[in-house]
Amino acid sequence: MVAVMLDGLAYGMLLFLIGVGLSITMGLMNFVNLAHGVFAMLGGYAAVIAMNHGGVPFPLALLIGFAAGAAAGAILEYAFFRRLYGAHALDQVLFSVGVVFVAIAAATYWFGPTIQVFTLPGYLRGNVDVGGLSIGRYRLFLIVSGVAIITGLLMALSKTRLGASVRAAVDNRRVAEGTGIHVRRLFFVVFSFGCGLAGLGGALSLGMLSLDPSFPLKYMVEFLLVVSVGGAGTIVGPFVAALLVGMVDVAGKYFIPQAGAFLVYLVMIVGLLLRPNGLFVRKGHLTWR
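Cut-offs used in this document
Residues numbered from 1 in each chain as written. Predicted model: local features only at pLDDT ≥ 70, side-chain atom pairs only at ≥ 80, totals over all residues. Heavy atoms only, no water. Salt bridge = Lys/Arg side-chain N within 4 Å of Asp/Glu carboxyl O. Helix = DSSP H or I, 4+ residues; strand = E, 2+ residues; numbered from the N terminus. Buried < 20%, exposed > 50% of the residue type's maximum accessible area, 1.4 Å probe, protein only. Phe/Tyr/Trp six-rings, centres within 6.5 Å; stacked < 30°, edge-to-face > 60°. pLDDT = per-residue confidence, 0-100. Contact = heavy atoms within 4.5 Å. Expected span 1.5 Å × (residues − 1). Polar contact = N/O pair within 3.5 Å; in protein donor to acceptor, adjacent residues only side chain to side chain. Axes fitted to C-alpha atoms, helices over the stretch in contact; angles between N-to-C directions. Parallel < 35°, antiparallel > 145°, perpendicular 65-115°, else oblique. Left-handed = near helix turned anticlockwise from the far one by under 90°. Nonpolar A, V, L, I, M, F, W, Y, C, P; charged D, E, K, R; others polar.

J.: What is the right way to read the pattern of salt bridges from this model?
T.: Side chains bearing opposite charge may pair, as long as their charged atoms lie close to each other. Here the structure, examined in full by the defined rule, presents three salt bridges. Notably, a salt bridge pairs Arg139 with Asp7, separated by 3.0 Å at the nearest N-O pair. Taken as a pair, Arg139 in helix 5 (residues 137-159) and Asp7 in helix 1 (residues 2-29) lie far apart in primary sequence, 132 residues in all. Look at Asp7 and you get partly exposed, because its relative accessible area is 29%. Residue Glu77 is joined to Arg82 by a salt bridge in which the shortest nitrogen-to-oxygen separation is 3.1 Å. Taken as a pair, Glu77 and Arg82 share a single burial class, namely buried.

J.: I'm lost on the packing of aromatic side chains in this one. Help?
T.: Both the distance between ring centres and the angle between the ring planes are used here to describe each pair of aromatic rings. A full pass over the atoms with the stated rule returns 15 aromatic pairs. Aromatic side chains Phe80 and Phe95 sit 5.8 Å apart centroid to centroid with 45° between the ring planes, which places their arrangement in the tilted category. Placement of the pair is Phe80 in the loop between helix 3 (58-79) and helix 4 (89-111) and Phe95 in helix 4, with a sequence separation of 15 residues. Note on Phe80: relative accessible area 42%, which makes it partly exposed. The exposure class assigned to Phe95 is partly exposed, which follows from its relative accessible area of 29%. Clustering of aromatic rings is evident, with ring pairs tying together Phe31, Phe39, Phe80, Phe81, Tyr85, Phe95, Phe187 and Phe191.

J.: What is the right way to look at the confidence of the model for the chain in this model?
T.: Reading fine detail from the predicted coordinates is not recommended where pLDDT is low. The share of residues in the chain with pLDDT of 70 or more is 95%, and the mean pLDDT across the chain is 85. Within the model, pLDDT remains below 50 along residues 284-289, and this stretch shows 22 contacts once partners closer than five positions in the same chain are excluded.

J.: Explain helix 2 (residues 36-54) here, please?
T.: For an α-helix, 3.6 residues make a turn, and residues three or four places apart therefore share a direction. The terminal C-alpha atoms of helix 2 lie 27 Å apart, and with 19 residues this matches the ideal 27 Å at 1.5 Å per residue to within 8%. At the exit of helix 2 stands Gly55, carrying a positive phi of roughly 65°.

J.: Explanation requested: the environment of Ser205 in the structure shown.
T.: Position of Ser205 among the secondary structure elements: in the loop between helix 8 (183-204) and helix 9 (215-218). Residue classification places Ser205 among the buried positions, given a relative accessible area of 2%. Along the primary structure Ser205 and Ala232 are separated by 27 residues, whereas in three dimensions their C-alpha atoms are 23 Å apart. Ser205 has contacts with Leu14, Tyr138 and Phe215, leaving out every residue within four places of it along the chain. Here Gly202 takes part through its backbone oxygen, which lies 2.7 Å from a polar atom of the side chain of Ser205.

J.: Could you clarify how one ought to interpret the packing of helix 2 against helix 8 in this entry?
T.: What describes two packed helices is the angle between their axes and the distance between those same axes. Packing of helix 2 against helix 8 leaves a shortest axis separation of 6 Å and a crossing angle of 55°. Comparing the axis directions of helix 2 and helix 8 gives the class oblique. The element helix 2 and its partner helix 8 pack so that their crossing is right-handed. Touching His36, Phe39, Ala40, Gly43, Gly44 and Ala47 of helix 2 are Phe191, Gly194, Cys195, Ala198, Gly199, Gly202 and Ala203, all from helix 8. Grouping the amino acids of the contact of helix 2 with helix 8 by side-chain chemistry returns seven nonpolar, six polar and no charged.

J.: What exactly am I supposed to notice about the packing of helix 3 against helix 8 here?
T.: Closest axis-to-axis distance for the helix 3/helix 8 pair is 7 Å, and the angle between their directions is 140°. The angle between helix 3 and helix 8 places the two elements in the oblique class. Where helix 3 crosses over helix 8, the handedness of that crossing is right-handed. For the pair formed by helix 3 and helix 8, the contact residues are Phe58, Ala61, Leu62, Gly65, Phe66, Gly69, Ala70, Gly73, Ala74, Glu77 and Tyr78 on the first element and Phe188, Phe191, Ser192, Phe193, Cys195, Gly196, Leu197, Gly199, Leu200, Ala203 and Leu204 on the second. When grouped by side-chain class, the residues that make up the contact of helix 3 with helix 8 number 15 nonpolar, six polar and one charged.

J.: Can you help me understand helix 8 in this one?
T.: Given a rise of 1.5 Å per residue, 22 residues ought to cover 32 Å, and the 31 Å separating the end C-alpha atoms of helix 8 matches this to within 8%. Burial within helix 8 is extensive, with 17 of its 22 residues counted as buried.

J.: For this particular structure, what's the right way to read the side chain of Ser96?
T.: Note on placement: Ser96 falls in helix 4. Here the side chain of Ser96 touches Leu34 through a polar contact of 3.1 Å, landing on its backbone nitrogen. Non-local contacts of Ser96, meaning those with residues more than four positions away in its chain, are made with Val32, Asn33, Leu34 and Ala35.

J.: Can you help me understand the environment of Gly201 in this one?
T.: Along the chain, Gly201 falls in helix 8. Separated by 149 residues in sequence, Gly201 and Asn52 have C-alpha atoms that sit 18 Å apart. Residues contacting Gly201, with those up to four places away along its chain left out, are Leu14, Leu17 and Ile18.

Next up, the structure:
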């Protein structure tokens, strides 16, 4: 039972790392980006290619995954997405879905349709005893990474000048621009960083999720679940929702395999019925507590 819960926690951390960038961009820019999983896929491919063909160590491959996601996000934001910030939500959805299918076709052409082969480094294989419990090292690494990243995000939002600018832009864009904040540049930085987090999540997911060209479509629903249940524009909301979705999904597949993903959708339905705007609602500012 404990092992199942830890697997669910690790999976939830991956969902959080990939989905939190989507939550921030939706809350800050009011942009519905269904192509967010593309950046996770790019980060995963960049990391696995760097390790398999370049002999790059795993920690450096994670940074490469982050950089690949951030760079792709920066290019797409500058070239396309910023032109749709004021557009109707349907236009944003249609364009981002188109990006997903273009990315799937490109990944299939360049890397083939098969799942990428990945081997964890030796120090992340096997189990470690923690308090009398035998925990997989890789699962523990994912959990610690997720806790470290949410802690860093919360501190950055509450303690830094950039975080203050982000909160101001979310509160009132016109007032923020009047105080000298370059909101468009801020959007560019935040969007790129959110895509970089998705790329990092994609690289971290190599040891748990299968990486193939269908990745952004296969896991799109899970990313949207995290944001919709947790609340767009929040940090803590997607974190709690990701852990909930991860543990319910893993526990359901382990104890009730015939139910498939039904339990996850049941959690989404119940959660949105009880809290239509998400577990943590953004009330005039980016919620970090």
